[in-house]
Amino acid sequence: MAFTRATGKHRRPSRLTRTTKNAAGVAVLTTTGVIGTLAAPALAADTSVEQTGLTQAITIGDSVADQIDAQAAAQQQAADQAAALKKAEEAARKRAAEKAEKEREAKARAARAAERKRLNTFVSPITGSYVSTGYKTGGSLWSSGSHTGVDFHAASGTAVHAVGSGTVVTAGWGGAYGNQIVIKMHDGTYTMYGHLSSIGVSVGQTVTPGQQIALSGSTGNTTGPHLHFEARTTAEYGSDMDPVAYLRSHGVNV
């Protein structure tokens, strides 16, 4: 029986034809760029591992990623350590600044307290002297019939000091008292210094305890050089009070 080759539209293309068409299709895809994107995986699936080197590329990629992760972790750790160190340094500086401020405040408070104590301290008007004529001593030497103050033994030219803090209200000639100074003390009382050879302060001037205000002498009604000292309730003559009791009440050993 004889066979006849099939012809017409149902005839299967020959191997050569199919190969030629496949090649043409690849060429078209390559030209359009599709084979670089969509066709590459399909082609790769038909290609052996040895031919593509895909396993090696993946292995290298994982190794590099691990190294990058390790470097990133190390950098983050270093950054965290630097931040912690900076925070610790800032905290230390803050503590040091707070400590220094507290020390400054403590010193300032101590200085203010010392100054208040100094300004509230009373001293003797003549250093190392003593009372030579007492308060209320009677005799014809005094117009009132008695001594209105006390006399401190002092040679002419001896330094006279303010017994406490106050403001000068009188500085000049005072008749029988000769050159005199009257000071209004910080507690509202008054002190008077008479028979001075020279005056070293002026009215309105503020004085502090122990400040030199004059030199002793024998001006006015006196029998010799000394310091006449009075404590008064006002600036005027006749308001006197016991000067020794006054000084002792302010801590002066007279």
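Below is a short write-up of the structure.

The rules behind these values
- Residues numbered from 1 in each chain as written.
- Predicted model: local features only at pLDDT ≥ 70, side-chain atom pairs only at ≥ 80, totals over all residues.
- Heavy atoms only, no water.
- Phe/Tyr/Trp six-rings, centres within 6.5 Å; stacked < 30°, edge-to-face > 60°.
- Helix = DSSP H or I, 4+ residues; strand = E, 2+ residues; numbered from the N terminus.
- Buried < 20%, exposed > 50% of the residue type's maximum accessible area, 1.4 Å probe, protein only.
- Polar contact = N/O pair within 3.5 Å; in protein donor to acceptor, adjacent residues only side chain to side chain.
- Contact = heavy atoms within 4.5 Å.
- Salt bridge = Lys/Arg side-chain N within 4 Å of Asp/Glu carboxyl O.
- Core = buried A, V, L, I, M, F, W, Y, C linked by side-chain atoms within 4.5 Å.
- Pairing = 2+ DSSP bridges.

**Here's the deal with the packing of aromatic side chains**
Part 1 of the reasoning: Per the counting criterion, the structure on display carries 4 aromatic pairs.
Part 2 of the reasoning: A centroid spacing of 6.3 Å and a plane angle of 70° characterise the contact between Phe152 and Phe229, whose relative ring orientation is edge-to-face. Taken together, the residues span a long stretch of sequence, with Phe152 in strand S2 (residues 150-152) and Phe229 in strand S9 (residues 227-232) at a distance of 77 residues.
Part 3 of the reasoning: By relative accessible area, which is 1% here, Phe152 ends up buried.
Part 4 of the reasoning: Between Tyr177 and Tyr237, the aromatic rings sit 6.4 Å apart at their centres with planes inclined by 55°, giving tilted as the arrangement. Residue Tyr177 is found in the loop between strand S4 (166-173) and strand S5 (179-185), and its partner Tyr237 is found in the loop between S9 and strand S10 (240-241); the two are separated by 60 residues along the sequence.
Part 5 of the reasoning: On the basis of relative accessible area, Tyr177 is assigned to the buried category, the value being 14%.

**A word on the side chain of Asp240**
Part 1 of the reasoning: One can find Asp240 in strand S10.
Part 2 of the reasoning: Within the structure, the side chain of Asp240 is placed 2.6 Å from the side chain of Tyr135, a separation counted as a polar contact.
Part 3 of the reasoning: Every residue in contact with Asp240, bar those within four places of it in the chain, is listed here: Tyr135, Lys136, Thr148, Glu230, Ala231 and Arg232.

**Remarks on the pattern of salt bridges**
Part 1 of the reasoning: Enumeration according to the criterion identifies 4 salt bridges in this entry.
Part 2 of the reasoning: Note that Lys136 and Asp240 form a salt bridge whose closest N and O atoms lie 3.7 Å from each other. One end of the pair, Lys136, is in the loop between strand S1 (131-133) and S2; the other, Asp240, is in strand S10, with 104 residues separating them in the sequence.
Part 3 of the reasoning: The class for Asp240 is buried, based on a relative accessible area of 17%.

**Overview of the nonpolar core**
Part 1 of the reasoning: Core analysis: the biggest nonpolar cluster contains 25 residues, and Val160, Ile181, Ile183, Tyr193 and Ile213 have the highest contact counts within it.
Part 2 of the reasoning: Only S2, S5, strand S6 (190-199), strand S8 (212-216), S9 and helix H5 (243-249) provide two or more residues apiece to this core.

**Looking at the pairing of S6**
Part 1 of the reasoning: Counting buried residues along S6, 7 of its 10 residues qualify, which places the element largely inside the surrounding structure.
Part 2 of the reasoning: Here 5 bridges tie S5 to S6, and the two strands are oriented antiparallel to one another. What sits directly across from Ile183, in S6, is Thr191.
Part 3 of the reasoning: In this antiparallel pair of consecutive strands, S5 and S6, the connection spans 4 residues, and Gly188 shows a positive phi of 95°.
Part 4 of the reasoning: Relative to S9, S6 runs antiparallel, the two being bridged by 5 bridges. By the bridge assignment for S9, Gly194 is matched with His228.
Part 5 of the reasoning: Where S6 and S8 come together, 3 bridges link them in antiparallel fashion. Note on S8: the bridge partner recorded for Leu196 is Ser216.

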